[in-house]
Every structure is written in structure tokens, then in C-alpha cells.
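# Analysis of the macromolecular model
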Amino acid sequence: MLSFILRRLSVQIPTFLGLTLLTFTLIRLIPGDPIEVMVGERTLDPQMHAEAMHRLGLDKPLYQQYFDYLSNLLHGDLGLSLVTKESVWSEFTTLFPATLELAIAAMLFASVFGLLAGVIAAIRRGSVFDHGVMGISLTGFSMPIFWWGLILIMFFSVQLGWTPVSGRLDLAYDVQPVTGFMLIDTWLAEAADPELNAGAFRDALMHLILPAVVLGTIPLAVIARMTRSSMLEVLREDYVRTARAKGLSPARVIFIHTLRNALIPVLTVMGLQIGTLMGGAVLTETIFSWPGIGKWLIDAIARRDYPVVQNGILIVATLVIVTNFVVDILYGIANPRIRHAK
Amino acid sequence: MATTNNLKAAAAEEQAALAFPSPMKEFWQGFSHNRGAVIGLVFMTIVVFCALFAPWVAPYDPIEQYREHMLTPPAWADGGMSQYLLGTDELGRDILSRLIHGARLSLMIGLMSVLMAMIPGVILGLVAAFFPRVVGSLIMRLMDIMMALPSLLLAVAIMAILGPGLINAMIAIAVVALPAYVRLTRASAMSELNRDYVTASRVAGAGTLRLMFVTVLPNCMAPLIVHATMSFSSAILEAAALGFLGLGVQPPTPEWGTMLASARDYIERAWWVVTLPGLTILLSVLAINLMGDGLRDALDPKLKRAA
């Protein structure tokens, strides 16, 4: 097992190094040097320009600059935002829980409904329900989610007034960020001061529903399709027929014998959705003014805050690599055939 | 006399039935078997027609502002006017004309970025398959890195460097789509390389280039064409997403995603400004994906009538 993990890990190291090379080059491809970008429209006399270049180590040869960048990264120094002068890492850690909360809620929504729809569609293959699920999932897969978000806001927030339009919590509440997860924080705040913060948890939940549905739409479509086809495959297996012949109840055959085996490819697909979620978070957070990583990156691009763009992208990509790595390992634990394959 | 004719005709029919169907006919049979694919094809034919003849099909100039008719609802709604069939936007521009001209942009971005990803992707994939040791593993490592970045985020990062604009959007979307083409080409070329016909061709003295492009590539085309259709639809989605984020095609150009960027402000008073561009994107992407399913049924012999 250990050798399996080490083997998989050794593949990830060059990928990570390549990634740093990519983000390092990224910032140097921008027309004009970083100093010009920092001062913006103002002009700078050549002397000061040279001094600034020297202070930031930009007059060194490129390979030296790259090694400096790497060594800073390994020391946990991700640079400062040009706009707020805060460290990129601390900005990231403040905003990340918001994105994580949204992503977990979206994945929960997608998994529960995706699995359910996929299983029922597979059992009732060829029925109206099956065709409906397949049609809806193809539509979900083709959905421009930024538009989907707008439509949901228009219907549920503006027309019906059921959910708030944007943000994570009503401004009337004063909730201390303890975990960064609004649902937990409001729960704690309500427990601590039931009078002042009455209804805060419900408010946070209402804020979360629409963004989670929007972000979960594409994963939902993918999971439903994958569950259906995987279930259909397993339902043809001999051991399912045996289980039926033994006289087991249909529910037991479906959920214990079939679904457990059908889940393996579905789990892989779920792991692969992490990238989709991170990309989708950019759009979802923009529509709902959700203060997370996606919105942070888009705002940084608009403000030409390059250290944030550069290392923010690095952090997110590393996160995706790490998640895929963990999924890989879990998959290896679940399936010995993969663990022992060369 | 008549009976002999009938017999002859029957014999000819029988012969036709016994002969191999022509590839085109077989393709069409497979494709038209899928009803969704045919619906998608019809819809896309209309969209392509609109895109090609946009200046003649569209009733108005897409950027002409009719200030006296700002935010006119569609013709069938209360307060709608028959001369603006789908209503007008916040500057009084005819939405139908903008959507028709937008079809041009979306299809062009889709087509160009598919070509810009497919051509280098196929070449790199073939090189990776033919020289798997050093060059191949180098290429594949690079593609792994690109795959590690969420596609929209990579596109956004590229747009941050290149700056907004039509050509830059095409480049960004093409770069994002590249790794999938490389992987797909390499995988199918690798499985072809062990076949006898490739060995035979090699023994007969075919050079590497000939082996790559004349011998192996045509046999890898089916999955590539299916993938190209799917990546065409995701290119349209990504272009629209970039436009929506303000990084893609810039206003007043009538790009579908860019049209939605400003629509958020009208969510309370003008549903048509919000609904129609997105619906057009959704229907086009759906139509292309349906066609892709049909193409897979028709082209991929392994999956043919399997399910």
C-alpha cells in the first residue's frame, strides 16, 4: 500500500513543479514589466524603476528568479496583494471556507438527487421517468450556469421572494466567523445569543440554496447519467440474477448487491467533478456575490492584482491536484486490482 | 412483360439489399436512428443559416439604438411591438437581430477554437504515440499540468494575460481544449500502432510522417470527430462564460454571453433581456450535444447499437 502511495506521489511532484513554472511564466508574459504594472498609469523615472527592479530581485537572471520564487513558495511565502497589501495566503484562508461550504452543499445536492434519479431511471429503463431523467440530465449538462443562476434568481428571489438575491447572510445579523462555515457559525451564534440572532441559521441556509443548486447542476447531470449506465451494467451480472433467484427482496438486490458495485465508477466521476466545481465557483460566486475564491480571483484580474492572480491560481490548481490524488488513493484502497497494477 | 419488369426490379432490390450499403448511407442510417440527433441537426441548420446570412436575415442592425423604444417587451407580451419580435434591450437595440448576429460570433469562436486545438493536438498526440519514451512522456506531463487547472480558470488566467477580445478568447478556449485532443489522439494511435496493417506499411518502407498521417490517423478519426463536436459545444459555453465575466468579446458586439453580462440589472423589470440570450445558448449547446450523441452512434462501431 505504501509503495502504491509513493508511486502515485512521485508522479505528482513533477506536475506540481510544472505548475509553478506555468504560474511563474504567466506573470512574465504580461506586456510590460511588473513594476510598470504596479505603478499603473503613473510614470516612473528610470532610476527609481531600476531600484524597484533590484529590490524585488527582478534584475536577476530568469532561472535565478524562478528558484527564488520556488524557495519563497516552499517557505510558505505567497507574496502580498498589490491592492490590499495583505498576504495572498491569509486572504485565501479567509475566503476559502465560503467556497468550500458552497462546494460541499452543491456536491451534496448533486449526489443525493443524481444517485436517486440514476438508480430509478436504471430500474425503470425505457419508462417515461427514464427518458425524462436522461433528457433533463443532457439539458443540465448543456446549461450555461451563469444564465441558470440569473433565471433562478429571477423566479425564486424576485418573483416569489422566497430566497435572498445575493451574499451569505443578512446584514442585520452580527455573526463572528469561528469556522468560516456560515451554517456552523450562525448555529453557534444562535446558541450563544438566541434573542439577537434568532433565525440567523435559517437565513444562512436560504442564502446557500440557490448558489448550491446552480453550482451542483452540471455535477448532478453527470452523476445521474453515470449512475444509470453503471447500474444497467451491473444489473446484467450473474450475481444479481443469483441474488434475485435466492428470493431476496428487490430493495436488497438493488441497494446492497447492485448499487454498491455500481458506485465505484460513480465515485471516480464525483472526484473528477472537483475541477468543474472550482471552475463553476468562479461563475456562481460572481452571480450571487458570494465572497469566495472564485469571486476573489475575478476581482483580482479586474484590478490587475497580479500576485493574487498568480498564486491564487497556483493554490486552486494545487488543491485540484491534491483532491485528485486523494481520490486516486481511495480508489486504490477500494479496488485491489488498481493498487497492484503496474 | 410487366411481370418480367417486376421480377427484374425485385432482383435488383434484392441485390441492393445484399450489397454493402455505401458508407454515407450507413452513416445516415445510424445517425437518423437517433431522433434527438436529427432534431439537433435541424436546429443547428437554422442557426448556421442565420449566422451565414445574418445581415439579410436580421431585421435591424445589431448595434443600432432605437432610443424611443428602450426595453420594449417581445411582440406577444403586454406592451410588445410587432416590429421588435423579441423586444429590445436597455439601449433600444433589437434583441432578435443581436441574437442572429451573435450566432455568427459564437459559431466562429467555436469553429476556430476547435481547429486551433485539434490541429496541434492531433500532431502532438501522434508524436507522443510514435516517440513514447522521451518526447512523448514530456508532452503528456505538460498536458497533465494543463488538465490540473479547472478549464474555465485556465481560460480566465489566459485572458488575464492576453487581455479581453475575440481573438484572445479563441486562443484561450483552444489552449484549454488542447490536452483532451492530445490524450485522445495518443490513446487511439497507440492502439492502432500494434495492428498488422501498420507493421505491413512499415515493412513496405513507409516513412514516419506517412505512417503518422496516412496510415494511422484516418483510423483514429471517429473518436476525434465525436470529441470535436462535444468540444465545439463546450467552446460556445466557455466563450459565453468569458463574455459574461467581461473578459471575452467586448460590448457593443452582440455576443450571447456578453449580452447577459449587463442583463443582471434588468432582472426585476425586463425578463426578456435576461431569458432570451441564455435560452439561445442553451438550445444551441443542447442541439450540438444531441448531434454528438448521434455521431457517436453512427461513427463508433464499438458502441454501435450496443446499448
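The shown structure was predicted, so the numbers you read here are calculated from the model rather than taken from an experiment.

A separate point is the overall build of chain B. Looking only at helices and strands, chain B has 13 helices and 0 strands in total. The linear arrangement of helices and strands in chain B, starting from the amino end, is α-α-α-α-α-α-α-α-α-α-α-α-α. For 307 residues, the compact-globule estimate of 2.2 N^0.38 gives 19 Å, and the C-alpha radius of gyration of chain B, at 24 Å, exceeds that figure by more than 25%. Dimensions of chain B along its principal axes, counting C-alpha atoms only, are 75 × 75 × 35 Å.

Another aspect to go through is the overall build of chain A. In terms of regular secondary structure, chain A is built from 14 helices and 0 strands. Ordered by position from N to C terminus, the α and β elements of chain A give α-α-α-α-α-α-α-α-α-α-α-α-α-α. In terms of overall dimensions, chain A has C-alpha extents of about 85 × 60 × 40 Å along its principal axes. In chain A, 72% of the contacts between residues at least 6 apart in sequence involve partners at least 24 apart. As displayed, chain A offers around 17,900 Å² of accessible surface, 66% of which is attributable to carbon and sulfur atoms. Positive and negative side-chain charges of chain A, numbering 25 and 26 respectively, have mean locations separated by a distance of 18 Å.

For the rest of this paragraph, the subject is the UniProt feature "transmembrane region" (unreviewed entry) in chain B. Residue and element names in this part refer to chain B. Under the UniProt annotation, the feature "transmembrane region" (unreviewed entry) is placed at residues 37–58, 105–131, 151–182, 232–249 and 270–291. Taken end to end, residues 37–58 is 91% helix and 0% strand, and its two terminal C-alpha atoms sit 27 Å from one another. Here residues 105–131 runs as 96% helix and 0% strand, with 39 Å between its end C-alpha atoms.

Residue and element names in this part refer to chain A. Position of Tyr66 among the secondary structure elements: in helix H4 (residues 62–74). On a C-alpha basis, the gap between Tyr66 and Phe288 in space is 38 Å, while along the polypeptide they are 222 residues apart. Those residues within four positions of Tyr66 in sequence are excluded, and the remaining contacts are Leu17, Thr20, Leu21 and Phe24.

A separate point is the packing of helix H5 (residues 88–123) of chain A against helix H9 (residues 200–235) of chain A. Contact geometry for H5(A) and H9(A): axes closest at 5 Å, N-to-C directions at 35 degrees. The hand of the H5(A)/H9(A) crossing is right-handed.

A word on the UniProt feature "transmembrane region" (unreviewed entry) in chain A. Residue and element names in this part refer to chain A. Cross-referencing UniProt, the feature "transmembrane region" (unreviewed entry) maps to residues 102–123, 135–158, 204–224, 262–283 and 313–334 in the present numbering. Secondary structure across residues 102–123 divides into 100% helix and 0% strand, with the first and last C-alpha atoms of the span separated by 32 Å. End-to-end, the C-alpha atoms of residues 262–283 are 32 Å apart, and along that stretch the chain is 100% helix and 0% strand.

Definitions and limits used
Residues numbered from 1 in each chain as written. Chains lettered and ligands numbered in written order. Predicted model: local features only at pLDDT ≥ 70, side-chain atom pairs only at ≥ 80, totals over all residues. Heavy atoms only, no water. Helix = DSSP H or I, 4+ residues; strand = E, 2+ residues; numbered from the N terminus. Rg over C-alpha atoms; globule rule 2.2 N^0.38 Å. Contact = heavy atoms within 4.5 Å. Areas by Shrake-Rupley, 256 points an atom, 1.4 Å probe, with all protein chains shown as cover. Lys, Arg positive; Asp, Glu negative; His and termini not counted. Charge placed at Lys NZ, Arg CZ, Asp CG, Glu CD. UniProt positions renumbered as here; feature names shortened; annotations may be inferred. Axes fitted to C-alpha atoms, helices over the stretch in contact; angles between N-to-C directions. Left-handed = near helix turned anticlockwise from the far one by under 90°.

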